[in-house]
Every structure is written in structure tokens, then in C-alpha cells.
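In case you want the letters, here they are:
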Amino acid sequence: MVPLWKIKHELKRIQRQMANIPIDAATYFFGAVYYDHVLSKNRRSVLGRQPTAAKKAIYLIYPAHGLLPSHLRTLAYFRAKGVSATVVSNLPLPLEDEAKLLNLCTAYIERPNFGYDFGGYRDGVLSLEHDLANTEQLVLMNDSSWFPLYPESDWLANAEALGVDFVGSVSNGYKSAFPKVMDPVFNRGYRDDDKLFHYGSFALWIGHQVLHDPKFMLFWKKFPLSNRKRQVIMRGEIGLTRWVRKNGFSHGSTFDVTGLEVMLKDLSDARLAEIAQNMIILGNPSLSTHHYQTLQQMAPASRSELIKRILTITDRQGAGYSLAFFLTLELKHPFLKKAPLRDSMQAAQITLRVLEKIQTEAASEALDEAKRHHRQLLDE
């Protein structure tokens, strides 16, 4: 028999979907048209001082606190790797900040904030339409993560070394065969297939086979813009991954979540416990509370139980957020998401803890930014 909570959850989901159908349908058919013919009149483009190269990047920023040192660090990384960057900003910048950007990029596009990151990516890709034939690879990256956290890390080289057409930093929505925690609170919301499988849009590497396919530019021209975040995720992150798979391109990620169980089994008991105690659970306070309270009640937990908990939360929440402690400190993953600072005190504290432990110049810089711009949350 289907549990009552599951029936109620499904009914509420259907009710929400029905209410949003008119809005979603309108943006699906007319979102791009509205932007191209109305909002884009307020878009402006400026040439930067860096020469164009065969390796390119579109770097989307949302500078709510102005241009930050971490923005310039990411652009300096691209320049050092011979990548010409087009910066797209979803907010206007003061002229003095714009001047700093122009020293590190090939072009700067300032646009109305419509369509979230994929709206900005779209403007960036369309600006390169007549230069894609001369482009070997293209990176789509946004400032929702601090990058690069380690001076020795070379994510671009690691992505290229995979030898596939399309690369993400991490993937979400993967249906794994991991052993699960048999707990209804943990398992609520599990997907029974991989229709929602996708690569996180904060960092995507695209090879020449994709770029030189005419359908790639068509995808962006017809991309249905929306200011509803869920629709952007469905049409953007998930939609682009589906497009890649549908068109037969090879794909992968620089962190392969399918190997996580083996990695965890090689760790000590103390390290496993530390990782389990530093899992980031976003947007679900009840699940977070349940996880940490249960850990306290069962201390010390067995190795198998700790591994199951780490795998279960990773399956449910996605590696980019939940595994931040493990990825950055154990594997020296060069990305750290900023969103946990705005989600809850527990998620914020874990994020700060990670930055404190990395002990690189970039991490120290990120830690200063986190404390300065999220002081209200951190002081509660």
C-alpha cells in the first residue's frame, strides 16, 4: 500500500504544477521572443582588451555585492590557460569595475536579468555565433561557486583529458545502485529513473564536435527563457544534458559519482564520521535535522551505516552541494558552491569550515567574501 504521506505529497505537487501551467506555457513559447524583441534593447556590449583564442569561456556573473576579487581570480585563471573569456553580467556594474573586467576579458555583455544563468549563457553563446567555426572548446561557468580554490588545480585540462564531447564538474539525478539508508524520511522523493540526470550548469566544458554541430546554435536560439528558477533548471541544466545525450554526444564529469562508494571504503573510520557530520543538505530543514540528530543518537556509527548515509544524501541532494566537504578537502575539487551560506546556519557553518581548512590564498579570499556579505546570517 502506498503511504499516505506519499499520496499527499504527490497531490500537492500536481496542484502546484496545474497552477503554473499558464505561466510556464507562455514562457516556453514566448520567453525568448519577449527578451529578444523587448528586453534586449537594454543590453550593451563592450570589447575587452584580451585577444580572442580558439579556447573560449562564457563567464556569467551576478554581482549583487559588486565586482569581487574572486571574480577577477576566475578570469585570471582563464587568461593564464590561454582561454578568451566573454563576461556576461546580469546586473549593471560601476564603470570602475567594468574597467577591471575589460583588462581580463575579450568582451563584456551587460544584460537585463531575465532567464537566470541560462539567459546569460544564451547571450554569450549567440555573441560567438560567427566565431564557433574557429572555436576548439567552450566553457560555460557562473559565479555561483568559488573557483579555482587550489592554485595547482587545472579543471580545464582535467575536463579535456576525459576525451568526451561534453563535461560537467559533477552530475545530479543519477540512479545509482548504492545501498540506501532504509528510512522513509531519508528516502522520500527518490527518483526511479534517470530522466532528471544532468550536469551542474555552474561549470560545463563543451568540445568542438558539439560546437560545430549546427543544432547547437539552434538550441540556444530557440531556448525558452523563463524567470522561474525551476523552469530554468528543467529547460537549461536538464534540457542541455538531454540534448547532448539525444544527439549522441559522449559526456562525463570530472568527479564521477559512480566511484564514490569505493572511495569512501578506503577512508578511515574517523574520516568517514567527519564527512557524514559535514554533509550539506539544502532546502530541507527536516531532513537535515533528522540526519544530524540520528547521527548523535547512534554514535559511534558503524562504517557501513556512515557510508550508506553519505551515499543516500548524495543520491538525493546531488554531489555538488552535499559532498562539498569531501570533494574539496579529500579530492581537492576546485569548486565550492556559495548557496549554502544563504540556506541555513548549519549549511553556512559547514561551508565556512571548508574554506578555513583549505588554507590557500583563494580560499582565504573566499572566506573573507563569505563573512563580509553574509554577516547577518552568520551572526544569527
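Keep in mind the model is a prediction, meaning the values are calculated, not measured.

Caption draft 1: Seen up close, the overall build of the protein. Helices and strands together make up the secondary structure of the protein, namely 19 helices and twelve strands. Counting only residues that meet the buried cut, the protein has 52% of its 380 residues in that class. Long-range contacts, defined as pairs at least 24 residues apart, comprise 79% of the intrachain contacts of the protein with a sequence gap of at least 6. Only carbon and sulfur atoms are counted for the fraction: they give 54% of the accessible area of the protein, which is about 18000 Å².

Caption draft 2: Up close: the pattern of salt bridges. Tallied over the entire structure, the rule returns 19 salt bridges. With a shortest N-O distance of 2.9 Å, Glu-98 and Arg-44 are connected by a salt bridge. Note that Glu-98 is positioned in helix H3 (residues 95–102) and Arg-44 in strand S1 (residues 44–47), a separation of 54 residues in sequence. By relative accessible area, which is 6% here, Glu-98 ends up buried. In this structure, Lys-332 engages Glu-152 in a salt bridge whose closest nitrogen and oxygen atoms are separated by 3.2 Å. A residue pair is termed long-range when its members are at least 10 positions apart, and Lys-332 in the loop between helix H15 (324–330) and strand S12 (336–337) and Glu-152 in the loop between strand S6 (145–146) and helix H5 (155–161) qualify at 180 residues. Classification of Glu-152 as exposed rests on a relative accessible area of 51%.

Caption draft 3: Structural context of the packing of aromatic side chains. The final tally for this structure, using the stated rule, is 19 aromatic pairs. The interplanar angle of 80 degrees and the centroid separation of 5.2 Å between the aromatic rings of Phe-197 and Tyr-199 together place this pair among those described as edge-to-face. Each member of the pair Phe-197 and Tyr-199 is classed as buried. Measuring from ring centre to ring centre gives 5.8 Å for Phe-219 and Phe-223, while their planes differ by 50 degrees; the resulting arrangement is tilted. Here the aromatic cluster, defined as three or more aromatic residues joined through ring pairs, consists of Phe-118, Tyr-121, Phe-216, Phe-219, Trp-220, Phe-223, Trp-243 and Phe-249.

Cut-off values and rules
Residue positions are given per chain, counting from 1 as you read along its sequence in written order. For this predicted model, a pLDDT threshold of at least 70 governs which residues receive local features, and a threshold of 80 or more governs which side-chain atom pairs are given and counted, while totals over whole chains, interfaces and linings are taken from all residues. Each side-chain value is worked out from all heavy atoms of the structure, with water and hydrogens disregarded. Think of it this way: any DSSP run of H or I at least four residues long counts as a helix, any run of E at least two long counts as a strand, and we number them from the N terminus. Relative accessibility thresholds used throughout: buried, under 20% of the residue-type maximum; exposed, over 50%; partly exposed, between the two (1.4 Å probe, protein chains only). Contacts are residue-level and defined by heavy atoms, with any inter-residue pair within 4.5 Å sufficient. Note on areas: Shrake-Rupley, 1.4 Å probe, and residue coverage restricted to the protein chains presented here. For salt bridges, the criterion is a side-chain nitrogen of Lys or Arg within 4 Å of an Asp or Glu carboxyl oxygen. The pairing test for Phe, Tyr and Trp rings, Trp by its six-membered ring, is centres within 6.5 Å, and the orientation test on the planes gives stacked under 30 degrees, edge-to-face over 60, and tilted for anything in between.

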